[in-house]
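The residues making up each chain are set out below.
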Amino acid sequence: MLMPIAASAQSTPPAASAAAAAATTAPVELAGVKYDGTAEVAGQKLQLNGAGIRYKAIFKVYTAGLYMNAKATTPEAVLANTGPKRMHIQMLRDIDGEELGKLFTKGMEQNATREEFGRSIVGVLRMSEIFVQKKKLKTGESFGVDYIPGTGTVVFVNGQLIPGEPIKGEDFFNVLLKIWLGRSPADSDLKVALLGGGKAAAATSNRNAAGSSR
């Protein structure tokens, strides 16, 4: 079972955000992968905003869970939240690392403005490099991306922090999130599930013959 990893960093959360994050959120289990109701990032307890399964045609590709310090039900609310965030993904199929890196780059470019993508290019290249070096993500392996205010974005693979400087600025993390929450998401049902859509979350869990948008 997946126990989402915690990143350590110095941060003092606002009292209001801490109170919001303290709300009880039930854990979610999808395709045998458990997402706890809370996770800790930058010393702050976050709550599971939503989780679902990414499908390619009828095949389950990976599970994804989004953690935030306050619930958000629209992409705009997620992107406007400047607190810590976590996106955690666990593979349900083997996938070539270079292919995954290309898919992520394409997803970011399709969903960001030219200016946003240009400002995020350092992070885009860094993510691609990480996946190329990994070569392959196998079934059961995982990676996580944490946004830490004042520090930037850090990446974990199988619970291990990837060495190197954090990717600076909030722009990159928001552009990354648009892969799943943007106008042309990787999977429209997963988008709704990550935004806390109960029916969509159930649909991604129980779906069989229905295909995804891509």
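For the structure itself, consult the block above.
Residues numbered from 1 in each chain as written. Predicted model: local features only at pLDDT ≥ 70, side-chain atom pairs only at ≥ 80, totals over all residues. Heavy atoms only, no water.

S.K.: What is the right way to look at unusual backbone geometry in this model?
M.R.: Both trends apply: most residues other than glycine have a negative phi, and most peptide bonds are in trans. A positive phi angle, close to 55°, is found at alanine 42, a residue other than glycine. Mapped onto the elements of the fold, alanine 42 is located in the loop between strand 3 (38-41) and strand 4 (44-56). Alanine 42 gets classed as buried once you look at its relative accessible area, which sits at 0%. (Helix = DSSP H or I, 4+ residues; strand = E, 2+ residues; numbered from the N terminus. Buried < 20%, exposed > 50% of the residue type's maximum accessible area, 1.4 Å probe, protein only.)

S.K.: I'm lost on the pattern of salt bridges in this one. Help?
M.R.: Between side chains of opposite charge, pairing is possible as soon as their charged atoms come close. In the structure shown here, the tally under the stated rule is seven salt bridges. With its nearest N and O atoms 2.8 Å apart, the salt bridge here joins aspartate 146 to arginine 86. Taken together, the residues aspartate 146 in strand 9 (residues 142-148) and arginine 86 in strand 6 (residues 85-91) connect sequence positions 60 residues apart. As far as the burial class goes, aspartate 146 and arginine 86 line up, both buried. The partner of aspartate 171 in a salt bridge is arginine 119, and the shortest N-O contact between them spans 2.7 Å. A residue pair is termed long-range when its members are at least 10 positions apart, and aspartate 171 in helix 6 (residues 171-181) and arginine 119 in helix 4 (residues 114-119) qualify at 52 residues. (Salt bridge = Lys/Arg side-chain N within 4 Å of Asp/Glu carboxyl O.)

S.K.: Looking at this model, I keep getting lost on the environment of lysine 191. Mind explaining?
M.R.: Note on placement: lysine 191 falls in helix 7 (residues 188-194). With 127 residues separating them along the chain, lysine 191 and alanine 64 place their C-alpha atoms 9.9 Å apart. Filtering out sequence-adjacent residues up to four positions away, lysine 191 remains in contact with Pro75, Trp180, Leu181, Gly182 and Pro185. (Contact = heavy atoms within 4.5 Å.)

S.K.: What's the story with the sheet that holds strand 11 (residues 160-161) in this structure? I'm lost.
M.R.: Spatially, seven strands are ordered 3-4-5-6-9-10-11 in an open sheet, and the strand pairing comes out antiparallel. Among the strands making up the open sheet, the edge pair consists of strand 3 and strand 11. Here strand 6 runs beside strand 9; their pairing, made up of six bridges, is antiparallel. Residue pairing in the sheet places methionine 87 in a bridge with valine 145 of strand 9. Across the sheet, helix 6 lies against strand 5 (59-68), strand 6, strand 9 and strand 10 (152-157), angled at about 50° from strand 6, the strand it touches most. (Pairing = 2+ DSSP bridges. Axes fitted to C-alpha atoms, helices over the stretch in contact; angles between N-to-C directions.)

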